[in-house]
Amino acid sequence: MAIKETVFFLLLIMLPVSTEAKKPIKPRVRAANFYDAPSDSCMDNCVVKCCPSGWVRHGNSCCYIDDTPTPLYRDARNTCQSKGGDLAIIRSAQENDFILDLVMGQNTVTRFGAWIGFQRNAADSKLYWVDGTPVDSQCVNWLPGEPNDAHGYEDCGQMITKEYTPGKWNDLFCNFNVQGSSFESSDSPVVLCQKPI
Ligand SMILES: [Ca+2]
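Residues numbered from 1 in each chain as written. Predicted model: local features only at pLDDT ≥ 70, side-chain atom pairs only at ≥ 80, totals over all residues.

### Here we look at unusual backbone geometry
Between E146 and P147 the backbone carries a cis peptide bond, its omega angle lying at -5°. Note on placement: P147 falls in the loop between β7 (127-129) and β8 (154-159). You will see that D149, though not glycine, has its phi angle at about 45°, which is positive. On the basis of neighbour counts, which here come to 14 C-beta atoms within 10 Å, the residue D149 falls in the partly exposed class. A positive phi angle, close to 60°, is found at H151, a residue other than glycine. Mapped onto the fold, H151 is located in the loop between β7 and β8. (Helix = DSSP H or I, 4+ residues; strand = E, 2+ residues; numbered from the N terminus. Buried ≥ 20, exposed ≤ 12 C-beta atoms within 10 Å, placed from the backbone.)

Here you go:
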């Protein structure tokens, strides 16, 4: 009898745990990052909106910089896409200034600045942002004489920092690992990511 009572008692204790375990798990949309980085910039018309920890908000975008010199544009894109974003698209002078400050504020500012999110389309040789819009259909901030597609293989987006005028754009070769290149890997651009808030 004592054993039966003990078993019954144990079942009673386990019952709430068992019931809890069977509850459907509700998806927590954005909840994981929601309060990661509380700050004044999180308040927008009384609606709390935050960028994930490590990202910085500008308007309706979150920006992130990986200041590791990255020789391949493709790798830079992969870095951003693995974080749920893509290389940055720049739509205004204010956004350009904000991003330039962000790049210049990193520990590592390389000779070739930062990769930004446009690339030449092989089919028509024109430059497109990563969302598919033609670069020249928007505000542009080219360094004078750019984009020049020098030697026919400058196909990737760069924001200039150290050389020439900081903040200007250039079409740059996409791979610093080409054999015979006069540039070091450490010269290559850092990674500038963006995603919607
Ligand atoms: Ca160029």
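### A closer look at helix α4 (residues 93-104)
If you check α4, its first and last C-alpha atoms are 16 Å apart, about what 12 residues at 1.5 Å a residue would give, namely 16 Å. Taken together, the buried positions of α4 are N96, I99, L100 and V103. Angular distribution of buried residues about the axis of α4 spans 105°; they occupy a single face of the element. Of the exposed residues in α4, those oriented more than 90 degrees away from the buried face are Q94 and D101. (Expected span 1.5 Å × (residues − 1). Arc of directions from axis to C-beta.)

### Examining the confidence of the model for the protein
Mean pLDDT over the protein: 83, with 75% of residues reaching 70 or higher. Overall, residues 15-22 carries pLDDT values under 50, and its contacts beyond four positions in sequence, including any with other chains, amount to zero contacts. In the model, residues 26-40 has pLDDT below 50 throughout and makes 12 contacts with residues more than four positions away in sequence or in other chains. (pLDDT = per-residue confidence, 0-100. Contact = placed C-beta atoms within 7 Å.)

### Some points on the pairing of strand β6 (residues 114-120)
Summarising burial for β6: seven of the seven residues are buried, a large majority. Burial along β6 is two-sided: the face carrying A114, I116, F118 and R120 and the face carrying W115, G117 and Q119 are both buried. In the sheet, β6 pairs with β8 via four bridges, with the strands oriented antiparallel. For I116, the partnering residue across the bridge sits in β8 and is G157. By the bridge criterion, two bridges tie β6 to strand β10 (residues 190-196) in an arrangement that is parallel. Directly across from A114, in β10, lies its bridge partner V190. (Pairing = 2+ DSSP bridges.)

### So, the nonpolar core
By size, the foremost hydrophobic cluster in this structure holds 34 residues, and its most contacted members are W115, I116, M159 and L192. At the level of secondary structure, the elements contributing two or more residues to this core comprise β4 (61-66), α3 (73-82), α4, β6, β7, β8, β9 (169-173) and β10. When sequence neighbours within four positions are dropped, the list of residues in contact with M159 reads I99, L100, V103, G113, A114, I116, G167, W169 and L192. (Core = buried A, V, L, I, M, F, W, Y, C linked by C-beta atoms within 7 Å.)

### Looking at the environment of D66
By the secondary structure assignment, D66 is in strand β4. Each C-alpha atom, one on D66 and one on Q106, is 8.9 Å from the other, the two residues being 40 residues apart in sequence. Not counting residues up to four positions away in its chain, the partners in contact with D66 are T79, V190 and V191.

### A look at α3
Within α3 the residues assigned to the buried category are Y73, A76, R77, T79 and C80. Buried residues of α3, viewed axially, fall in a sector of 155°; they line one side. Two residues or fewer after α3 comes G84, characterised by a positive phi angle close to 85°.

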